[in-house]
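For reference, the chains in residue letters:
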Amino acid sequence: MNLRVRVVHCSCAGESHWYADIDDSDDLQPDDPYWFVDRCRSQSEALELACAQLLQLSGEAVRGDSLARVQEAHLVSV
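Keep in mind that this is a model prediction, so the values were computed, not measured.

J.: Sorry, what's going on with the overall build of the protein here?
T.: Helix and strand counts for the protein come out as 2 helices and 3 strands. Along the protein, helices and strands appear, N-terminal first, in the series β-β-β-α-α. C-alpha extents for the protein along the principal axes are approximately 40 × 30 × 25 Å. A buried classification covers 29% of the 78 residues belonging to the protein. Once local pairs closer than 6 in sequence are excluded, the contacts in the protein between residues at least 24 apart make up 38%. For the protein, the accessible surface area stands at approximately 5400 Å², while carbon and sulfur atoms represent 51% of it. For the protein, the separation between the mean place of its 6 positive charges and that of its 14 negative charges on side chains is 4 Å.

J.: Would you mind going over the environment of D23 with me for this structure?
T.: You can see D23 is positioned in strand β2 (residues 15–24). Between the C-alpha atom of D23 and that of C40, which follows or precedes it by 17 residues, the distance is 18 Å. In contact with D23, other than residues within four places in its own chain, are N2, L3, R4, P30, D32, P33, Y34 and R69. Here the side chain of D23 touches R69 through a polar contact of 2.7 Å, side chain to side chain.

Cut-offs and rules
Residues numbered from 1 in each chain as written. Predicted model: local features only at pLDDT ≥ 70, side-chain atom pairs only at ≥ 80, totals over all residues. Heavy atoms only, no water. Helix = DSSP H or I, 4+ residues; strand = E, 2+ residues; numbered from the N terminus. Buried < 20%, exposed > 50% of the residue type's maximum accessible area, 1.4 Å probe, protein only. Contact = heavy atoms within 4.5 Å. Areas by Shrake-Rupley, 256 points an atom, 1.4 Å probe, with all protein chains shown as cover. Lys, Arg positive; Asp, Glu negative; His and termini not counted. Charge placed at Lys NZ, Arg CZ, Asp CG, Glu CD. Polar contact = N/O pair within 3.5 Å; in protein donor to acceptor, adjacent residues only side chain to side chain.

Listed below in structure tokens is the structure:
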């Protein structure tokens, strides 16, 4: 698995902000990342948050833990 960080500048409805996500670089459809953050005030903030999360995810992968994608992690059994 090759995790990668993507940082994007967005201008939605006239509001400028930064978005970052972490996904597998081999994922052909990057629509469900392992982690994301939106509405960061700066590129630096988005990158710092993503790098901290990448370190945590890398540690989990090294331990052999299964990484959950965002949509999988938010499923709730009732």
